[in-house]
Amino acid sequence: MTVLDCGGRRLDLSRPAVMGILNVTPDSFSDGGVFLSRENAIAHARQMIEAGADMIDIGGESTRPGASSVPAQEELERVLPVIEILHGEFPLPLSVDTSKPEVMRAAVAAGAGFINDVRALREVGALEAAAELQVPVCLMHMQGEPRMMQENPVYREVVAEVTDFLRVRLKAAQDAGIAAERLVIDPGFGFGKTLAHNLELLRGLDKLNCLGAPILAGLSRKSMIGHALGYPVHRRLHASVALAILAVQNGARIVRVHDVGPTVEALRMWKIVYPGSRGE
Ligand code: 8Y7
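Treat the numbers as computed from the prediction; the structure is a model and nothing was measured.

Asks: Looking at this model, I keep getting lost on the packing of aromatic side chains. Mind explaining?
Replies: Two aromatic rings, taken as a pair, are described by how far apart their centres are and by the angle between their planes. Taken as a whole, this structure holds 1 aromatic pair when the rule is applied. Taking the centre distance of 5.3 Å and the plane angle of 45° together, the rings of Trp270 and Tyr274 count as tilted. The ring of Tyr231 has Arg235 sitting right over it, with the charged end atom 4.4 Å from the ring centre.

In structure tokens, the structure reads:
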């Protein structure tokens, strides 16, 4: 369980791993379209790999709060060339950030070895596609849909409800034929959650380990930092690194980040403090 086979490329999860975020979208909230061009996206990926990323998560659909959906054709045009080029150039696992079965199929054919689905395989045909492709899948919790999810998120008990949701999705994935060893879970920080919900989830993150799947956490530059500290997106680096370390300390095995170099450096220090395999 400590090594994921990502389409023939190994991801060692005996120690925390860093997933670098590569947005190939014109409207991504923190990169603001800067990495729109293919060349820029590839240069940005090269830089994250040089900085020590263990994998790269390539997304062509913005899931920021309020974002509208992107047709499959456009998503494919954004991500496929980038996946092909990076797959040819680097040996590390590549993740595709998508909810669409046709994008999953084409991305894996182009060299992706991991599916990151913020909708936890709930789109029609997604369970079947993921089962067929035999690559690891991250199942993420979200309350509502990106367009409306931050309107008025309500939970009775956020940690318990997120755990229940992920338990149901893990079962659905396994019933569809996806091996338990290929499943990763994620509480979905910021996806239909207030600051108070996000903080409670972060403090209680280790409780998700009762589900037996490695935990992925994405906190980088998120609006919870803005709500907590009042900083705009370009000033959230230090808080993002702190949150990545806290997530790992509380049981996360993969952190999804924009700022790979600073996160890798902080985690190097964490690993020296906690040389045991689970940080005990
Ligand atoms: C997450 C994510 C985003 C996350 C996983 C952003 C695609 C918003 N956030 N995937 N994606 N977990 N697994 O701020 O938290 O990067 S998009």
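Asks: I keep staring at the site of the ligand and nothing clicks. Help me out?
Replies: Within the structure, the ligand sits among 13 residues, and Asp97, Asn116, Asp186, Lys222 and Arg256 are positioned closest to it. At 2.6 Å from a nitrogen atom of the ligand is found a side-chain nitrogen or oxygen belonging to Asp186. Put simply, the parts of the chain that give the shell around the ligand at least two residues each are β7 (137-140) and β9 (215-218). Per-class residue counts for the shell around the ligand are 6 nonpolar, 3 polar and 4 charged.

Asks: Would you take a moment to explain the environment of Val124 for this structure?
Replies: Mapped onto the secondary structure, Val124 falls in the loop between β6 (114-117) and α4 (126-133). In this structure Val124 comes out as exposed when scored by relative accessible area, which is 80%. The spatial distance from the C-alpha of Val124 to the C-alpha of Ser99 is 9.5 Å, given a sequence separation of 25 residues.

Asks: Would you explain the packing of helix α2 (residues 72-89) against helix α3 (residues 101-110) in this entry?
Replies: Two numbers describe a pair of packed helices, the interaxial angle and the distance between the axes. At a minimum axis separation of 9 Å, α2 and α3 run at an interaxial angle of 20°. Judged on the interaxial angle alone, α3 and α2 are roughly parallel. Where α2 crosses over α3, the handedness of that crossing is right-handed. Contact with α2, carried on its side by Ala72, Glu75, Leu76, Val79, Leu80, Ile83, Glu84 and His87, involves Glu102, Val103, Ala106, Ala107 and Ala110 of α3 and no other residues of that element. Within the contact of α2 with α3, the residues separate by chemical class into 9 nonpolar, 1 polar and 3 charged.

Asks: Quick question: what am I supposed to make of the side chain of Thr98 here?
Replies: One can find Thr98 in the loop between β5 (94-97) and α3. A relative accessible area of 2% places Thr98 in the buried class. Of the polar contacts made by the side chain of Thr98, one reaches the side chain of Glu75; its length is 2.5 Å. Residues within four places of Thr98 in sequence aside, it is in contact with Glu75, Val103, Met104, Ile115, Asn116 and Asp117.

Asks: I would appreciate a short explanation of unusual backbone geometry in the present structure.
Replies: Outside of glycine, negative phi angles account for most residues, and trans bonds account for most peptide bonds. Non-glycine residue Leu121 carries a positive phi angle of around 65°. Tracing the chain through its elements places Leu121 in the loop between β6 and α4. The backbone phi angle of Gln134 is positive, close to 60°, even though this residue is not glycine. Of note, Gln134 is situated in the loop between α4 and β7.

Asks: Would you take a moment to explain the nonpolar core for this structure?
Replies: The tendency in soluble globular proteins is for nonpolar side chains to be buried as a group. Membership of the largest hydrophobic core comes to 76 residues, with the highest contact counts inside it found for Leu22, Ile56, Ile58, Ile83, Leu86 and Leu121. The greatest single-element share of this core, amounting to 8 residues, is contributed by helix α5 (residues 158-175). Ignoring any residue separated from it by four or fewer positions in sequence, one finds Leu86 in contact with Leu22, Ile42, Ala45, Ile58 and Leu94.

Asks: So what exactly am I meant to see when it comes to the environment of Glu61 here?
Replies: With respect to the secondary-structure elements, Glu61 resides in the loop between β4 (55-59) and α2. Setting aside anything within four residues of it in sequence, one finds Glu61 in contact with Thr25, Ser69, Val70, Glu75, Asp97, Lys100 and Arg119.

Asks: Even after reading the chapter, I still don't get helix α1 (residues 38-50), so can you show me in this structure?
Replies: Side chains that are three or four residues apart share a direction in an α-helix, a result of its 3.6 residues per turn. Spanning 13 residues, α1 covers 18 Å between terminal C-alpha atoms, matching the ideal 18 Å at 1.5 Å per step. Every buried residue of α1 is listed here: Ala41, Ile42, His44, Ala45, Met48 and Ile49. Angularly, the buried residues of α1 cover 160° about the axis, an arc narrow enough to put them on a single face. Of the residues in α1, the exposed ones pointing more than 90 degrees away from the buried face are Glu39, Gln47 and Glu50. Buried positions along α1 lie against β3 (17-23), β4, α2 and α9 (260-273). Just past α1, the residue Gly52 takes up positive phi, approximately 110°.

Asks: How should empty space enclosed by the protein be read in this particular structure?
Replies: In the structure shown here, the tally under the stated rule is 2 cavities of 30 Å³ or more. One number sums up the size of the largest cavity: a volume of about 40 Å³. Residue lining of the largest cavity: Ala217, Gly218, Leu219, Ser220, Ser240, Leu243, Ala244, Ala247, Val255, Arg256 and Val257, and that is the complete set. Residue contributions to the lining of the largest cavity peak at 4 residues, all from helix α8 (residues 237-249). Of the residues assigned to the lining of the largest cavity, the class counts are 7 nonpolar, 3 polar and 1 charged. A volume near 30 Å³ is recorded for the second largest cavity. As for the second largest cavity, its lining consists of Ser220, Leu237, Ser240, Val241, Val257, Asp259 and Thr263. Ranked by the residues each element gives to the lining of the second largest cavity, the list is headed by α8, at 3 residues. A per-class count over the lining of the second largest cavity returns 3 nonpolar, 3 polar and 1 charged.

Rules behind the numbers
Residues numbered from 1 in each chain as written. Predicted model: local features only at pLDDT ≥ 70, side-chain atom pairs only at ≥ 80, totals over all residues. Heavy atoms only, no water. Phe/Tyr/Trp six-rings, centres within 6.5 Å; stacked < 30°, edge-to-face > 60°. Lys NZ or Arg CZ within 6 Å of the ring centre and 35° of its normal. Near = heavy atom within 4 Å. Polar contact = N/O pair within 3.5 Å; in protein donor to acceptor, adjacent residues only side chain to side chain. Helix = DSSP H or I, 4+ residues; strand = E, 2+ residues; numbered from the N terminus. Nonpolar A, V, L, I, M, F, W, Y, C, P; charged D, E, K, R; others polar. Buried < 20%, exposed > 50% of the residue type's maximum accessible area, 1.4 Å probe, protein only. Axes fitted to C-alpha atoms, helices over the stretch in contact; angles between N-to-C directions. Parallel < 35°, antiparallel > 145°, perpendicular 65-115°, else oblique. Left-handed = near helix turned anticlockwise from the far one by under 90°. Contact = heavy atoms within 4.5 Å. Core = buried A, V, L, I, M, F, W, Y, C linked by side-chain atoms within 4.5 Å. Expected span 1.5 Å × (residues − 1). Arc of directions from axis to C-beta. 1 Å grid on protein atoms, 1.4 Å probe; cavity = no way out; pocket = protein on both sides within 12 Å on 5 of 7 lines; lining within 4 Å. Points joined across faces, edges and corners; volume = space filled by probe spheres on them.

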